[in-house]
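Here is how the chains run, residue by residue.
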Amino acid sequence: MRVLTGIQSSGTLHIGNYFGAIKPMLELQKESELFMFIANYHALTSLKDAKALKQNTIDAAVTFLALGIDPAKTTFWAQSHVKEVLELYWILSSFTPMGLLERAHSYKDKVAKGIGANHALFSYPVLMAADILLYDAEVVPVGKDQIQHVEITRDIALKFNNEHGDIFTLPTFKVDENVATVPGTDGAKMSKSYGNTIDLFTTEKKLKKQVGSIVSDSTPIEEPKEYEGCNIFEMSKLFLSPHELEELKARYKRGGEGHGHFKMYLKDKIWEHFAQAREKKAYYDTHQDEVMQILDDGAQKAQKIAAEKMKMIRDAVGII
Ligand code: ADP
Ligand code: TRP
């Protein structure tokens, strides 16, 4: 089964992004043929600072390699390295009714947020359709906000296939319903827009500060404490083994320790959990030529498939 997904680097990642989106994606690498690219042409629709766009693209590659993308198993590249996608984007544009794009929530939301409505933002789903259809992807893992884009892809593919025969594979989206929402330091959904995050790659000092800011009640140290509904405990569940969790419950019930102790314990667990990824990140951060080489190799593999597919598509529509 061919699984494909694109990622837009959105700056500093937090543990909600990790458990909610990245970890499930990495799991797919074990069981399927995974294609994964950094959607830097898409990022250009909203990011006009050249230096930042370049840096974000490399940072996204470093981050995903550090967290476990294995280039030996997964085809991993930067969208802009396989130019065929832009040619397909144009061809698909001729099979995309305006109404289909006018109904896109994501476009309407971005405009409502004040992001300048340029043409690329409007036709964003067509480029996304090209990303998917060029590689005959069967399954596209996405967050809920991207479901409609995969549906638009299917609509475009159907319209094309109706006129030219079975050229495109119809993709289906996959939303992981099992992943729970990770709470932030204030107990609400962790989100970069709420300022309640615990960051994935940060210094131990900052991590200590972020974990220290988790809201907890003020039961006196000597008294037993309730772990059920405690924000520290909820977050600890993500990092502790079942045995460690039982031990922590007992510590809550025993009394004699304050929430500060539980926070320090959680901080240590988070620090340990990402130790290997942090080391890998430090390595790739200082070996960016290696990162570029990995992306290049990935692009070559992807390009081979893309070139074959484009021949078929050009022929179908009559482009010489
Ligand atoms: P943010 O809310 O911080 O802006 P994004 O919207 O960029 O995060 O989310 C990127 C991905 O991470 C999405 O797939 C989203 O579902 C996932 N995600 C974000 N926050 C959480 C959370 N608190 N719990 C679980 N998954 C999350
Ligand atoms: N639009 C996606 C997002 O913002 C990124 C993306 C671009 C993508 N092309 C794709 C995702 C193709 C899946 C398949 O998250």
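Our subject is the structure listed above.
This structure is a prediction, so every number in the text was calculated from the model and none was measured. (Residues numbered from 1 in each chain as written. Chains lettered and ligands numbered in written order. Predicted model: local features only at pLDDT ≥ 70, side-chain atom pairs only at ≥ 80, totals over all residues. Heavy atoms only, no water.)

Q: Got a minute to help me understand the packing of helix H7 (residues 119-133) against helix H8 (residues 147-164) in this structure?
A: A pair of packed helices is captured by two measures, namely the crossing angle of their axes and the spacing between those axes. H8 packs onto H7 with a crossing angle of 70° between their chain directions and a minimal axis gap of 9 Å. In terms of orientation, H7 lies roughly perpendicular with respect to H8. On H8, the residues touching Tyr124, Pro125, Val126, Met128, Ala129, Ile132 and Leu133 of H7 are His149, Val150, Ile152, Thr153, Ile156 and Ala157. Partitioned by chemical class, the residues of the contact of H7 with H8 number 11 nonpolar, two polar and no charged. (Axes fitted to C-alpha atoms, helices over the stretch in contact; angles between N-to-C directions. Helix = DSSP H or I, 4+ residues; strand = E, 2+ residues; numbered from the N terminus. Parallel < 35°, antiparallel > 145°, perpendicular 65-115°, else oblique. Contact = heavy atoms within 4.5 Å. Nonpolar A, V, L, I, M, F, W, Y, C, P; charged D, E, K, R; others polar.)

Q: How should I be thinking about the side chain of Asp199 in this particular structure?
A: If you trace the backbone, Asp199 turns up in the loop between strand E5 (172-174) and helix H9 (204-212). For the buried residue Asp199, which engages in no salt bridge, the nearest side chain bearing the opposite charge is Lys206, 7.2 Å off. Beyond its immediate chain neighbours, meaning those up to four positions away, Asp199 contacts Thr12, Leu13, His14 and Gln210. (Buried < 20%, exposed > 50% of the residue type's maximum accessible area, 1.4 Å probe, protein only. Lys, Arg positive; Asp, Glu negative; His and termini not counted. Salt bridge = Lys/Arg side-chain N within 4 Å of Asp/Glu carboxyl O.)

Q: Looking at this structure, I do not really get the pattern of salt bridges. What am I missing?
A: Applying the stated criterion across every chain, the model contains 15 salt bridges. Between Glu87 and Arg314 there is a salt bridge; the shortest N-O distance is 2.7 Å. With Glu87 in helix H4 (residues 84-93) and Arg314 in helix H14 (residues 288-317), the pair connects residues that are 227 residues apart, well separated along the chain. Given the relative accessible area of 23%, Arg314 is considered partly exposed.

Q: Would you explain empty space enclosed by the protein in this entry?
A: The probe, sized like a water molecule, is rolled over the atoms to show the empty space still left. Overall, the coordinates contain four cavities of 30 Å³ or more when judged by the stated rule. The volume enclosed by the largest cavity comes to roughly 50 Å³. Looking at the largest cavity, the residues that line it are Ser9, Ile38, Ala39, Asn40, Ala43, Leu47, Leu53, Asn56 and Thr57. The set of elements that each furnish at least two residues to the lining of the largest cavity consists of helix H2 (40-43) and helix H3 (50-67). Tallied by class, the residues present in the lining of the largest cavity amount to five nonpolar, four polar and no charged. (1 Å grid on protein atoms, 1.4 Å probe; cavity = no way out; pocket = protein on both sides within 12 Å on 5 of 7 lines; lining within 4 Å. Points joined across faces, edges and corners; volume = space filled by probe spheres on them.)

Q: Mind showing me how you'd approach the pairing of strand E2 (residues 33-38) here?
A: The two faces of a sheet get side chains in turn, since along a regular strand they alternate between them. Here E2 lies mainly inside the structure; five of its six residues are buried. In the sheet, strand E1 (residues 2-7) pairs with E2 via six bridges, with the strands oriented parallel. Each residue of the ladder has a partner; that of Ile7, found in E2, is Ile38. (Pairing = 2+ DSSP bridges.)

Functional significance is not addressed by these values, which are geometric in nature.
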